[in-house]
Amino acid sequence: MAQILGGIGVTHSPSVAVAFDRGHTERPEWAPFFENTQPVKKWLTALAPDTLVIFYNDHLNRFPLSTYPTFAVGCDDTLRVADEGHGRRDLPDVPGDSELAWHICRHLVANEFDITMCQEMEVDHGVLSPLPLIADPPWQIKVIPIAINVILHPLPTARRCWRLGEAVARAIAAFPGERRVVIAGTGGLSHQLQGKDFGFVNPEWDNEFLDLIESDPEQLVALSHDTYMDRGGAESIEMIIWLAMRGALSGKLRRVQRVYWPRLTGLGMLALQPEATAA
Ligand code: FE
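Below or above, wherever it landed, is the structure these notes cover.

1. Some points on the overall build of the protein chain
Then step 1. Within the protein chain one finds 10 helices and 11 strands.
Then step 2. Whereas a compact globule of 279 residues would reach a radius of gyration of roughly 19 Å, the protein chain reaches 17 Å, a difference of no more than 12%.
Then step 3. Each principal axis of the C-alpha distribution contributes one length, and for the protein chain these read about 50 × 40 × 40 Å.
Then step 4. Considering only residue pairs separated by 6 or more positions, the protein chain has 79% of its internal contacts joining residues 24 or more positions apart.
Then step 5. When the accessible area of the protein chain is evaluated, it comes to approximately 11800 Å², of which 49% is carbon and sulfur surface.
Then step 6. Each charge sign in the protein chain was given a centre, from 24 positive and 35 negative side chains, and these centres are 4 Å apart.

Now the structure itself:
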């Protein structure tokens, strides 16, 4: 039997990766973020999941703009660390879970959710920036990356992301093998890294989003892309990726940890556990 043990929403800002790689996590500008994410890792160690399904977006490292999938599942058993233009980070490649990934693909397509299936997969900071907040290298946990297009219009709606999460949860529930699964959704929070509003961060909206995704996600599912971008800046549209994670969780949830630290981007982390699995 496969079970979803928890969900994590987390920012994937490249600055988090730089701070981690350079050992700056205890500096005053970073400590409030990194220190407060530690309870999430401790929780995960106790939970002992074996597979992490990560909804994220690729930043033109795996997919070129000429051929950009709306949804893509990584079915590779080795997820290579992408070179994002500065050389590969000094991180080991990430083990995939092809058996469960192909099961998810078959289930999604049979249920009218047509996805791109990737037999070769590289992952960029959408996966690797937050991964050290969740696990320690060399990675013991297997990862199934599910990329969501938030780069090239037309984008899937917030509701479509939610429904993708629901469909992935149904696929996991139908898996005949044993798995302890945690779902993550990465991106955001508020940020804009171009134009006259470069550096725009909206802590009020970020905190409202963190409230609502926990307690009333339907409000977020109903919002348009324009509303997200007006409130959080152009690139904050990544926040709809968290809705895929949240759509995969059901029942009453316990909040494990909530972190918010506004810098050049709104950095956030939220960990939730279905009460049914908390026993
Ligand atoms: Fe991003």
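That shown, we press on.
2. Observations regarding the pairing of strand E4 (residues 78-81)
Then step 1. Summarising the sheet, E4 and strand E5 (residues 94-95) pair through two bridges and their orientation is antiparallel. Opposite leucine 79, over in E5, you have valine 94 as the bridge partner.
Then step 2. Pairing of E4 with strand E7 (residues 121-123), which is carried by three bridges, proceeds in the parallel orientation. In the strand pairing of E7, arginine 80 is matched with glutamate 122.

3. Thoughts on unusual backbone geometry
Then step 1. The omega angle of the peptide bond from proline 137 to proline 138 is 0 degrees, so this bond is cis rather than trans.
Then step 2. Here the residue pair histidine 153 and proline 154 is connected by a cis peptide bond, since its omega of 5 degrees sits within 30 degrees of zero.
Then step 3. With respect to the element layout, proline 154 can be found in the loop between strand E8 (142-148) and helix H6 (158-173).
Then step 4. For alanine 48, which is not glycine, the phi torsion reads 50 degrees and is therefore positive.
Then step 5. The residue alanine 48 is located in the loop between helix H2 (31-47) and strand E2 (51-56) in this model.

4. Overview of the coordination of the iron ion
For a metal bound by four donors in a tetrahedral arrangement, the ideal donor-metal-donor angle is 109.5 degrees, while six donors in an octahedral arrangement ideally sit at 90 or 180 degrees.
Then step 1. Taken together, the protein donors to the iron ion comprise His12 (NE2), His59 (NE2) and Glu238 (OE), at separations of 1.9 to 2.1 Å.
Then step 2. Linear spacing of the donor residues for the iron ion on their chain is H-x46-H-x178-E. Of this pair, histidine 12 sits in the loop between strand E1 (2-10) and helix H1 (14-21) while histidine 59 sits in the loop between E2 and strand E3 (71-74), placing them 47 residues apart in sequence.

5. Describing the state of the cysteines
Then step 1. Going through the model one piece at a time under the given rule, you end up with zero disulfides.
Then step 2. You can see cysteine 105 has no disulfide; the closest cysteine sulfur is in cysteine 75, sitting 3.5 Å from it.
Then step 3. With a relative accessible area of 1%, cysteine 105 lands in the buried category.

Definitions and limits used
Residues numbered from 1 in each chain as written. Predicted model: local features only at pLDDT ≥ 70, side-chain atom pairs only at ≥ 80, totals over all residues. Heavy atoms only, no water. Helix = DSSP H or I, 4+ residues; strand = E, 2+ residues; numbered from the N terminus. Rg over C-alpha atoms; globule rule 2.2 N^0.38 Å. Contact = heavy atoms within 4.5 Å. Areas by Shrake-Rupley, 256 points an atom, 1.4 Å probe, with all protein chains shown as cover. Lys, Arg positive; Asp, Glu negative; His and termini not counted. Charge placed at Lys NZ, Arg CZ, Asp CG, Glu CD. Pairing = 2+ DSSP bridges. Donors = N, O, S within 2.8 Å, 3.2 Å for Na, K, Ca; no water. Disulfide = S-S within 2.5 Å. Buried < 20%, exposed > 50% of the residue type's maximum accessible area, 1.4 Å probe, protein only.

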